Amino acid sequence: MRALHEGIDDATIFPVLVGSATRLIGVDRLCDVIVKAGPFSFGQAPIEAADGQEPERPTRLPMSALVFKTITDPYVGRVSYFRVYSGILRGRCCATRRNDERVGHVFTMRGKNQEQLPEVVAGDIGAVGKLAHTVTGDTIADKSAPVVLPTIEPPEPLLPKAIAPQTKGDEDKLMIGLQRLIEEDPSLRLERNDETRQTILWGMGDAHLDVVMQRLKSKFSVQVTEVPFKVPYRTSVRGKAEGLGRHVKQSGGHGQYGICNIRMEPLPRGEGFVFEDKIFGGSIPNQFIPSVEKGVRAAMAQGVGTGFPVIDIKVELYDGKYHTVDSNDFAFQMAGSHAVKDAAEKAGISVLEPIWSLEVLVPEEFTGDIMGDLQKRRGIPEGIEPAGGGRQIVRAKVPFAEVTHYATDLRSLTGGKGTFSWSFSHYQEVPHDLANKIIEAAKQEAHA
């Protein structure tokens, strides 16, 4: 038992016990193991503080506690669960996140029932309601001796799902419900993609996100549906071309008159957008040059017919015409927009897709399967290196469109033994046959 206790304390032994909480099978044995073999509340090593503060803090000195879980009840509000690491926590004003926080009545949970407590001593777990600033991972400490305990680092969410409320008008209820669930579960992440106009919820896997959507329905009365995930493609031009933008309307009184001529060419990946004014002789007055650029940028953002923003191009404004009465800011904005579309059609459109850097950690026996699977996904392997313990790290560059569900696929490939991390790398041109399918699907969606 002593060896088991030391192994659990050092995180070198991880006991697995079988039972059923709903049928009360094995619960008593679980409690016995926790008491006999678990780490002691007292007599443990001094706590190491984060942020370069006190290197160690004895457990019987000024109060410090760590909030390890937050739940949100539609009726009670936010409830924060904490463990006291030193001292005694009573209802009073404490410091957390370098803010003053009023800690009200503390209690313990017996199932769903709250039992009020006068205090919570070091080593015990308690709960408190309605903390204004405190979230999971925060420290509650005595104001006279503030300390920040090592926080809880949530795992990085790796599976995105595009979601929408089933009922129009429930968008506000959905956002409120999601924000409260994210407070409870920091491994969730919410993203609003303005390009694809989708709400993206990131989680650890399909089961994790399915539970979240069920909780949105049961706790916040919001029916949520999953919609097809849209990859944020980009476009650029294949070659050089000239474009004419003409916006002339005259129908009695003041009209609109703006004509501009541009040259367009592609730039190396990552160079962005360059606009050059090459007007000589006043063919377009200086006050309308920014209007042309504004129209060019607007057309690029709209995607010149594809719906995907245009990047990495250079536009030269070299000629044009104006009217002393009818020319105005709007006319030259429209002329600039038309000129970009004209030049892009002549130069040819290339579709660009996001490429992500992928690092996959797997046992050695799965390395071959992982390499083959990544190549099927149009991935480019970049190397394999040993990670110790019979595991290897496989590195590759992979199109994001091919790995949006990689969290689920990797679990299937390795029986749950593989993990991965990723980050955005760059944009790269899509193969021609695939680009045509992407553009055609985007046009069909726009017409729908």
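Residues numbered from 1 in each chain as written. Predicted model: local features only at pLDDT ≥ 70, side-chain atom pairs only at ≥ 80, totals over all residues. Heavy atoms only, no water.

Asker: Any details on the overall build of the protein? Residues and values, ideally.
Answerer: For the protein, the helix and strand inventory stands at nine helices and 23 strands. The C-alpha atoms of the protein give 30 Å as radius of gyration, which overshoots the globular expectation for 448 residues (22 Å, by more than 25%). C-alpha atoms of the protein, sized along the principal axes, occupy 90 × 55 × 45 Å. Within the span of the protein, comprising 448 residues, buried residues form 43% of the whole. Long-range contacts, defined here as pairs at least 24 residues apart, represent 73% of the contacts in the protein between residues at least 6 apart. Summed over all atoms, the accessible surface of the protein reaches about 24,600 Å², with 52% contributed by carbon and sulfur. Positive and negative side-chain charges of the protein, numbering 53 and 58 respectively, have mean locations separated by a distance of 4 Å. (Helix = DSSP H or I, 4+ residues; strand = E, 2+ residues; numbered from the N terminus. Rg over C-alpha atoms; globule rule 2.2 N^0.38 Å. Buried < 20%, exposed > 50% of the residue type's maximum accessible area, 1.4 Å probe, protein only. Contact = heavy atoms within 4.5 Å. Areas by Shrake-Rupley, 256 points an atom, 1.4 Å probe, with all protein chains shown as cover. Lys, Arg positive; Asp, Glu negative; His and termini not counted. Charge placed at Lys NZ, Arg CZ, Asp CG, Glu CD.)

Asker: So what about the sheet that holds strand E18 (residues 273–277)? Which residues, and what values?
Answerer: Strand order in the open sheet formed by four strands is E16-E17-E19-E18, and the pairing between neighbours is mixed. Pairing within the sheet leaves two strands with one partner each, and these edge strands are strand E16 (241–249) and E18. Within this sheet the neighbouring strands show an average axis-to-axis angle of 25°, counted without direction. Looking at chain direction, E16 and strand E17 (residues 256–266) are connected through nine bridges and run antiparallel. In the strand pairing of E17, Leu244 is matched with Asn261. Lying on the sheet, helix H6 (residues 329–347) is in contact with E16, E17 and strand E19 (313–321); it crosses E16 at an angle near 145°. (Pairing = 2+ DSSP bridges. Axes fitted to C-alpha atoms, helices over the stretch in contact; angles between N-to-C directions.)

Asker: Can you break down the pairing of strand E7 (residues 113–117) residue by residue, with the values?
Answerer: In this structure, strand E6 (residues 106–110) lies alongside E7, joined through five bridges in antiparallel fashion. Paired with Phe107 across the two strands is Gln116, which belongs to E7. Where E6 folds back onto E7 in an antiparallel hairpin, the turn is made up of two residues, including Gly111, whose phi is positive at roughly 70°.

Asker: Describe in detail the packing of helix H3 (residues 171–184) against helix H4 (residues 206–220), supporting the description with residues and values.
Answerer: It is the contact of H3 with H4, at a shortest axis distance of 10 Å, that shows an interaxial angle of 115°. Remark: the crossing between H3 and H4 carries right-handed chirality. Across the interface between the two elements, Lys173, Leu174, Gly177, Leu178, Arg180, Leu181 and Glu184 of H3 pack against Val212, Arg215, Leu216, Lys219 and Phe220 of H4. A class-by-class count of the residues in the contact of H3 with H4 yields six nonpolar, one polar and five charged. (Left-handed = near helix turned anticlockwise from the far one by under 90°. Nonpolar A, V, L, I, M, F, W, Y, C, P; charged D, E, K, R; others polar.)

Asker: I'd like a rundown of the nonpolar core, residues and numbers included.
Answerer: The biggest cluster of nonpolar side chains holds 46 residues, and the ones touching the most others in it are Val360, Tyr406, Phe420 and Trp422. Excluding anything up to four places from it in sequence, Phe420 contacts Leu158, Leu358, Glu359, Val360, Tyr406, Ala407 and Leu410. One finds Val237, Cys260, Ala299 and Leu317 within the second-largest nonpolar core, a separate group that totals 27 residues. (Core = buried A, V, L, I, M, F, W, Y, C linked by side-chain atoms within 4.5 Å.)

Asker: How would you summarise the packing of aromatic side chains if you had to cite specific residues and measurements?
Answerer: Tallied over the entire structure, the rule returns twelve aromatic pairs. Each residue in the set Trp202, Phe229, Trp356, Phe400, Tyr406, Phe420, Trp422, Phe424 and Tyr427 is aromatic and connected to the rest through ring pairs, giving one cluster. Stacked on the ring of Tyr85, the Lys or Arg Arg83 has its end atom at 4.5 Å from the ring centre. (Phe/Tyr/Trp six-rings, centres within 6.5 Å; stacked < 30°, edge-to-face > 60°. Lys NZ or Arg CZ within 6 Å of the ring centre and 35° of its normal.)

Remember, this is a structural readout, not a statement about activity or role.
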